[in-house]
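Chain residues, written in single-letter form:
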Amino acid sequence: MVDHDSLGPAPEPAATLGEVLLALGGRLTRLQTEILAGLGQPLTIRQYRILSRVDAGNTSLTSLSKLARRNLSTMSQSVDKLVQQGLLTRKTSESSRRTMQLALTAEGAAALDAGNRALAKFTSELTTRMPQELQDQILPALQQLFTDVQGDLDDR
């Protein structure tokens with residue numbers, strides 16, 4: 001269950017949308033970080049995202065780097081750690097010997113599943129007091145904000 005008291009003071013009622021979004025983003029990140037760190041196989045948010053993206057079919061270091069907007073050496077270090085932990089495998093691509101393909105191990109799939117379940121439970125607890133009608137109203141706005149932010153990052 002989410003401990004709302006440990007999150008610090010709520011934004012002021014007169015806070016701007018930008019202030020609320022900034023505060024919310026930080027708190028969500030902190031809570032997700034704590035949830036993933038508390039799993040049987042602890043994960044960082046970056047590790048969780050890499051496992052999720054590999055599971056979704058992004059199996060090259062290049063595609064992971066582009067999605068995460070990280071340079072290849074940074075992504076390679078993150079992937080190397082997941083390989084050392086036994087959560088990913090790295091093998092030469094059948095189509096190009098210069099390309100490495102990543103895949104989840106059974107342990108990686110189990111860690112990803114545990115992360116997915118824990119974060120889904122967190123989301124459910126977070127929204128339990130929010131009427132479905134309100135959830136349905138704010139979801140498109142949040143999706144639009146996310147798309148706009150992604151577009152801003154793509155332009156840089």
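Residues numbered from 1 in each chain as written. Predicted model: local features only at pLDDT ≥ 70, side-chain atom pairs only at ≥ 80, totals over all residues. Heavy atoms only, no water.

*Asks:* Mind showing me how you'd approach the pattern of salt bridges here?
*Replies:* Pairing is possible between side chains that carry opposite charge, provided their charged atoms lie close to one another. One pass over the structure, following the stated rule, counts 4 salt bridges. For the salt bridge of glutamate 34 with arginine 30, the shortest nitrogen-to-oxygen distance reads 3.6 Å. Separated by 4 residues within a single helix, glutamate 34 and arginine 30 lie in helix H1 (residues 17-37), roughly one turn from each other. Given the relative accessible area of 38%, arginine 30 is considered partly exposed. The partner of aspartate 80 in a salt bridge is arginine 90, and the shortest N-O contact between them spans 2.6 Å. One end of the pair, aspartate 80, is in helix H4 (residues 72-84); the other, arginine 90, is in strand S1 (residues 88-92), with 10 residues separating them in the sequence. Take arginine 90: its relative accessible area is 30%, and that puts it in the partly exposed class. (Salt bridge = Lys/Arg side-chain N within 4 Å of Asp/Glu carboxyl O. Helix = DSSP H or I, 4+ residues; strand = E, 2+ residues; numbered from the N terminus. Buried < 20%, exposed > 50% of the residue type's maximum accessible area, 1.4 Å probe, protein only.)

*Asks:* Just to check I follow, could you spell out the nonpolar core for this structure?
*Replies:* Soluble globular proteins tend to bury their nonpolar side chains together. Within the largest apolar cluster, 19 residues are counted, with the highest numbers of intra-cluster contacts made by Leu36, Leu43, Ile50, Leu51, Leu64, Val79 and Leu88. Elements with a contribution of two residues or more to this core: helix H2 (45-55), H4 and helix H5 (106-127). Top element by residues in this core is H2. It accounts for 5 residues. Filtering out sequence-adjacent residues up to four positions away, leucine 43 remains in contact with Leu36, Ala37, Tyr48, Leu51, Leu87 and Ala111. (Core = buried A, V, L, I, M, F, W, Y, C linked by side-chain atoms within 4.5 Å. Contact = heavy atoms within 4.5 Å.)

*Asks:* Sorry, what's going on with H2 here?
*Replies:* Because the α-helix completes a turn every 3.6 residues, residues three or four places apart line up on one side. Taken residue by residue, H2 has Ile45, Gln47, Tyr48, Ile50, Leu51 and Val54 as its buried positions. At the exit of H2 stands glycine 57, carrying a positive phi of roughly 105°.

*Asks:* What should I look at first to understand H5 in this one?
*Replies:* Here H5 spans 32 Å end to end across 22 residues, near enough to the 32 Å set by a 1.5 Å rise per residue. All buried positions along H5 are accounted for by Gly108, Ala111, Leu112, Gly115, Ala118, Leu119, Phe122 and Glu125. Buried residues in H5, looked at end-on, bunch into an arc of 155°, giving them a common side. For H5, the exposed residues lying more than 90 degrees away from the buried face are Ala106, Arg117 and Lys121. (Expected span 1.5 Å × (residues − 1). Arc of directions from axis to C-beta.)

*Asks:* Help me understand a nonpolar patch on the surface, please; the structure alone is not making it clear to me.
*Replies:* Taken together, the side chains of Leu17, Leu21, Leu134, Ile138, Leu142 and Leu145 define a hydrophobic patch exposed on the protein surface, amounting to about 480 Å² of accessible area. Mapped onto the nonpolar patch, the elements with two or more residues apiece are H1 and helix H6 (132-154). Among the elements that make up the nonpolar patch, the one with the highest residue count is H6 (4 residues). Relative to the helices and strands, leucine 17 is located in helix H1. (Patch = residues over 30% accessible without salt bridge, like charges linked within 9 Å, V, L, I, M, F, W, Y side chains within 5 Å. Areas by Shrake-Rupley, 256 points an atom, 1.4 Å probe, with all protein chains shown as cover.)

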